[in-house]
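Below are the chains, spelled out letter by letter.
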Amino acid sequence: MERRKFLFTLSAIPIVSTFGSITDKFQYFTNQKRNNNTMAKFELPQLPYAYDALEPYIDKMTMEIHHSKHHNAYVTNLNKAVDGTELEGKSLEEMFGTISKLPAAVRNNGGGHFNHSLFWQIMKKDGGSAPTGKLSEAVISAFGSFEKFKELFSNAAATRFGSGWAWLVVADGKLVVSSTPNQDNPLMDVADVKGTPILGLDVWEHAYYLKYQNKRPDYIQNWWNVVNWDEVASRFDKV
């Protein structure tokens, strides 16, 4: 009897071990699914520079509030808007193609997230000057000169009624200056000028009011000193 009990115990060990292995694997794949779901959510990107890096043209407090409060709110509300819907897991670009048919919360917060994510990247410390290479050639071809382009772009930003954005867009292989209201952008099916934005300027008051108050033209003029033309050129090359 003792021998039979001993053999039974030995035979049970692999069964327990296998059961444990299956349980561990199940837990692993469950955790992986949760991790994937978490990663699928939109996230606030880190700035590629410190909050005070763009001074004196854009002040530290404005950058900190703009990024950590305004942009963060767009991300939070976008995730809430798509959570549990057929939009969950889709890219912003996919949504923008039919944005006119989607809820306002997706349009506003999705646009806000995309626009600001681009905005942070196309600025840098000690920026400014002018584009070079293929981008410079394209700007001159489209507008006659870099100075003329700056004039048209600045005017689009200054005359955008209320809140919105000014854009340099690649549309049908050519560079075009445009503007959109609120958090719309040229990738959306509602845009007057549709194409791929490679440069954008935020002219919502929260982007400049702490430093410039109601002097939007001053903000626009100084903003040219922080444009990251290398990043803009990189985006142009990828279109």
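These figures come from a predicted structure and were not determined experimentally.

S.K.: Requested: an account of the confidence of the model for the chain, with residues and values cited.
M.R.: The predicted model of the chain has a mean per-residue pLDDT of 88, with 83% of residues at 70 or higher. Here residues 1-39 is a poorly scored stretch, pLDDT under 50, and it has two contacts once near neighbours within four places are set aside; other chains count.

S.K.: An account of helix α9 (residues 229-238) is requested, with residue identities and associated values reported.
M.R.: Turning to α9, its buried residues number three or more, namely W229, V232, A233 and F236. Projected down its long axis, α9 shows its buried positions confined to an angular sector of 100 degrees, all on one face. What points out from α9, more than 90 degrees from its buried face, is the exposed set D230 and K238. For α9, the secondary structure elements touched by its buried residues are α5 (133-143), α6 (146-159), β1 (164-171), β2 (174-181) and β3 (196-202).

S.K.: Explain the environment of A104 residue by residue, including any values.
M.R.: With respect to the element layout, A104 can be found in helix α4 (residues 104-121). A104 sits in the exposed class, given a relative accessible area of 52%. For A104 and A81, which are 23 residues apart along the polypeptide, the C-alpha to C-alpha distance reads 9.3 Å.

S.K.: Mind laying out α5, listing which residues take part and the relevant values?
M.R.: Note: α-helices contain 3.6 residues per turn, so residues at a spacing of three or four share the same orientation. Where α5 is concerned, the buried positions are L135, S136, A138, V139 and F143. Across the axial projection of α5, the buried residues extend over an arc of 165 degrees, all falling on one side. Opposite the buried face of α5, by more than 90 degrees, sit the exposed residues K134, E137 and S141. Close packing links the buried residues of α5 with α6, β1, β2, β3 and α9.

S.K.: So, the nonpolar core: which residues are in play, and what are the values?
M.R.: Within the largest apolar cluster, 59 residues are counted, with the highest numbers of intra-cluster contacts made by M123, F149, F153, L175, L199, L201 and W223. For this core, the leading source of residues is β1, giving seven residues. Discounting residues that sit within four places of it in the chain, L175 has contacts with L135, A138, V139, A142, F143, L168, V169, V170, I198 and F236.

S.K.: Give me the lowdown on the packing of α6 against helix α8 (residues 216-223), citing residues and values where you can.
M.R.: When two helices pack together, their arrangement is given by the angle between their axes and by how far apart the axes lie. Put simply, α6 and α8 touch, their axes get as near as 10 Å, and they point 145 degrees apart. The handedness of the crossing between α6 and α8 is right-handed. Touching F153, S154, A157 and A158 of α6 are R216, I220 and W223, all from α8. Residue composition of the contact of α6 with α8, by class: five nonpolar, one polar and one charged.

S.K.: Let's hear about the packing of aromatic side chains: which residues, and what values?
M.R.: How two aromatic rings sit relative to each other is given by the distance of their centres and the angle of their planes. This model, assessed by the stated rule, comprises 16 aromatic pairs. Consider the rings of W165 and W167, whose centres lie 5.3 Å apart with planes at 15 degrees: the pair is stacked. In this structure, W165 and W167 share a single accessibility class: buried. Aromatic side chains W224 and W229 sit 6.4 Å apart centroid to centroid with 15 degrees between the ring planes, which places their arrangement in the stacked category. Residue classification places W224 among the buried positions, given a relative accessible area of 8%.

S.K.: Tell me what's going on with the sheet that holds β1, and back it up with residues and numbers.
M.R.: Across the sheet, three strands lie side by side as β2-β1-β3; this open sheet has antiparallel pairing. Looking along the sheet, the strands with just one partner apiece sit at the ends: β2 and β3. Taken pair by pair, the neighbouring strands of this sheet meet at an average axis angle of 25 degrees, ignoring direction. Here β1 runs beside β2; their pairing, made up of eight bridges, is antiparallel. Within β2, the residue paired with W167 across the bridge is S178.

S.K.: Explain the pairing of β1 residue by residue, including any values.
M.R.: Counting buried positions along β1 yields eight of eight residues, so the element is predominantly enclosed. Going residue by residue along β1, you find G164, A166, L168 and V170 tucked away on one face and W165, W167, V169 and A171 tucked away on the opposite face as well. As consecutive antiparallel partners, β1 and β2 are separated by two residues, and within that stretch D172 has a phi angle of approximately 55 degrees, a positive value. As defined by bridge partners, β1 adjoins β3 across six bridges and the pair is classed as antiparallel. By the bridge assignment, W167 is partnered in β3 with G200.

Reading guide: rules and limits
Residues numbered from 1 in each chain as written. Predicted model: local features only at pLDDT ≥ 70, side-chain atom pairs only at ≥ 80, totals over all residues. Heavy atoms only, no water. pLDDT = per-residue confidence, 0-100. Contact = heavy atoms within 4.5 Å. Buried < 20%, exposed > 50% of the residue type's maximum accessible area, 1.4 Å probe, protein only. Helix = DSSP H or I, 4+ residues; strand = E, 2+ residues; numbered from the N terminus. Arc of directions from axis to C-beta. Core = buried A, V, L, I, M, F, W, Y, C linked by side-chain atoms within 4.5 Å. Axes fitted to C-alpha atoms, helices over the stretch in contact; angles between N-to-C directions. Left-handed = near helix turned anticlockwise from the far one by under 90°. Nonpolar A, V, L, I, M, F, W, Y, C, P; charged D, E, K, R; others polar. Phe/Tyr/Trp six-rings, centres within 6.5 Å; stacked < 30°, edge-to-face > 60°. Pairing = 2+ DSSP bridges.

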